[in-house]
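Structural description and commentary
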Amino acid sequence: CYVPGAVHFVTYRLAGTIPQAVIRTWRAERNRAIALAKSHGKAGMPDVARAQKRFFANYDAYLDSHPGKAHLADSRVANMSRETLHHHRGHSYHLLAYCIMPNHVHVVLQPLPIAMVDDEFGLSDEIADGEGPLSKTMHSLKSYTANAANKVLGRDGQFWQAESYDHWVRNDDELERIIAYVAHNPVSAGLCA
């Protein structure tokens, strides 16, 4: 969900790295927890946040413990992904942090605004899904690296999973926690000390 002006934490992964049945189970658990929390009104809002965090914790732990496809462990592909992140820095977004894991990428960025025009007044603070800066940025990053990586690896077919996990950062404390999480991910996954 794109929030204009906000910093976003995005995790995108290689295609097929988490079975759809597993994702469906996590979504059902999350949706049940959110429905229960919302039935309690404002008092349940911390439970909604916990349900979202639990979903992401399951998602990332699965990726870390089931490397399966690990195309990003190939230094040529990892370097290409890194270079692409830096290529768009300052043009499409401010790049705050990133980590390239064997089967997924974490990135913390702030999309730069694009012209948002409303027919009547020339201003708008809403953008249709798929048309906002975050969506355009993710499409650009994934499209280029998918094509180039497939050439380097001598393969074809879908490289990235179509959807990504994204979260808009609410405050500076959360930003610090997320950046620390991203920086520590290779350690927590057992890839380095």
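Report on the accompanying structure. Per chain, residue numbering runs from 1 following the sequence as it is written. For a predicted model such as this one, the threshold for reporting local features is a pLDDT of at least 70, and the threshold for listing and counting side-chain atom pairs is 80 or more; totals across whole chains, interfaces and linings nevertheless cover every residue. Only hydrogens and water are set aside when side-chain values are computed; all heavy atoms of the structure are taken into account.

1. Overview of the pattern of salt bridges
Whenever Lys or Arg places a side-chain nitrogen within 4 Å of a carboxyl oxygen from Asp or Glu, that contact is recorded as a salt bridge. Across all of its chains, the model carries 3 salt bridges by this definition. With its nearest N and O atoms 4.0 Å apart, the salt bridge here joins E83 to R82. The cut-offs for exposure are 20% and 50% of the maximum accessible area for each residue type, with area from a 1.4 Å probe on protein chains only; residues under the lower value are buried, those over the upper are exposed, and the others partly exposed. Given a relative accessible area of 32%, R82 falls into the partly exposed group.

2. Describing the side chain of D60
Only DSSP runs of H or I covering at least 4 residues are called helices, and only runs of E covering at least 2 are called strands; the numbering of each starts at the N terminus. Tracing the backbone shows D60 in helix α2 (residues 45-65). As used throughout, the charge tally considers Lys and Arg to be positive and Asp and Glu to be negative, leaving His and the chain termini uncounted. Here D60 is buried and forms no salt bridge, its nearest opposite-charge partner R13 lying at an N-O distance of 9.5 Å.

3. Thoughts on the pairing of strand β1 (residues 8-13)
Taken across its 6 residues, β1 has 6 buried, putting it largely inside the fold. Alternating residues of β1 divide into H8, V10 and Y12 and F9, T11 and R13, and every residue in both groups is buried. A strand pair is defined by DSSP finding two or more bridges across the two strands. Here β1 pairs with strand β3 (residues 104-111) via 6 bridges, running antiparallel. Counted as the bridge partner of F9 is V108 from β3. Across 4 bridges, the pairing between β1 and strand β4 (residues 165-168) is antiparallel. Note on β4: the bridge partner recorded for F9 is H167.

4. With respect to the packing of aromatic side chains
For this analysis, a ring pair means two rings from Phe, Tyr or Trp (six-membered ring only for Trp) whose centres lie within 6.5 Å, classed as stacked if their planes differ by under 30 degrees, edge-to-face if by over 60, and tilted for the remaining angles. Counted according to the given criterion, the structure contains 11 aromatic pairs. Here the aromatic rings of F56 and Y181 are separated by 5.9 Å at their centres, their planes lie at 65°, and the arrangement is edge-to-face. Residue F56 is found in helix α2, and its partner Y181 is found in helix α5 (residues 172-188); the two are separated by 125 residues along the sequence. Residues F159 and W160 carry aromatic rings whose centres are separated by 5.1 Å and whose planes lie at 90° to one another, so their mutual orientation is edge-to-face. Residue classification places F159 among the buried positions, given a relative accessible area of 2%. In this scheme, Lys NZ or Arg CZ marks a charge over a ring once it lies within 6 Å of the ring centre and within 35 degrees of the ring normal. Cation over ring: R30 sits above F55, and NZ or CZ is 4.5 Å from the ring centre.

5. Comments concerning helix α4 (residues 133-153)
Take the number of residues in a helix, subtract one, and multiply by 1.5 Å to get its expected span. Compared with the 30 Å implied by 1.5 Å per residue over 21 residues, the 30 Å span of α4 between its first and last C-alpha is a close match. Among all positions in α4, only P133, L134, T137, M138, L141, K142, T145, A146, A148, A149 and N150 are buried. Between two residues, a contact is recorded if the distance between any of their heavy atoms is within 4.5 Å. Those residues of α4 that are buried are in contact with β1, α3 (75-88), β2 (93-100), β3 and β4.

6. Considering the nonpolar core
What makes a nonpolar core is a set of buried Ala, Val, Leu, Ile, Met, Phe, Trp, Tyr and Cys residues whose side-chain atoms join them at distances within 4.5 Å. Among the nonpolar cores identified, the biggest contains 19 residues, and F9, I18, W26, Y59, V108, I178 and V182 are the most heavily contacted of them. Counting residues per element, the ones that place at least two in this core are α1 (20-39), α2, β2 and α5. Of the residues forming this core, the biggest block, 5 residues, is contributed by α2. In contact with W26, other than residues within four places in its own chain, are I18, F55, N58, Y59 and Y62. By size, the runner-up hydrophobic cluster in this structure holds 18 residues, among which are L14, L72, V77 and A149.

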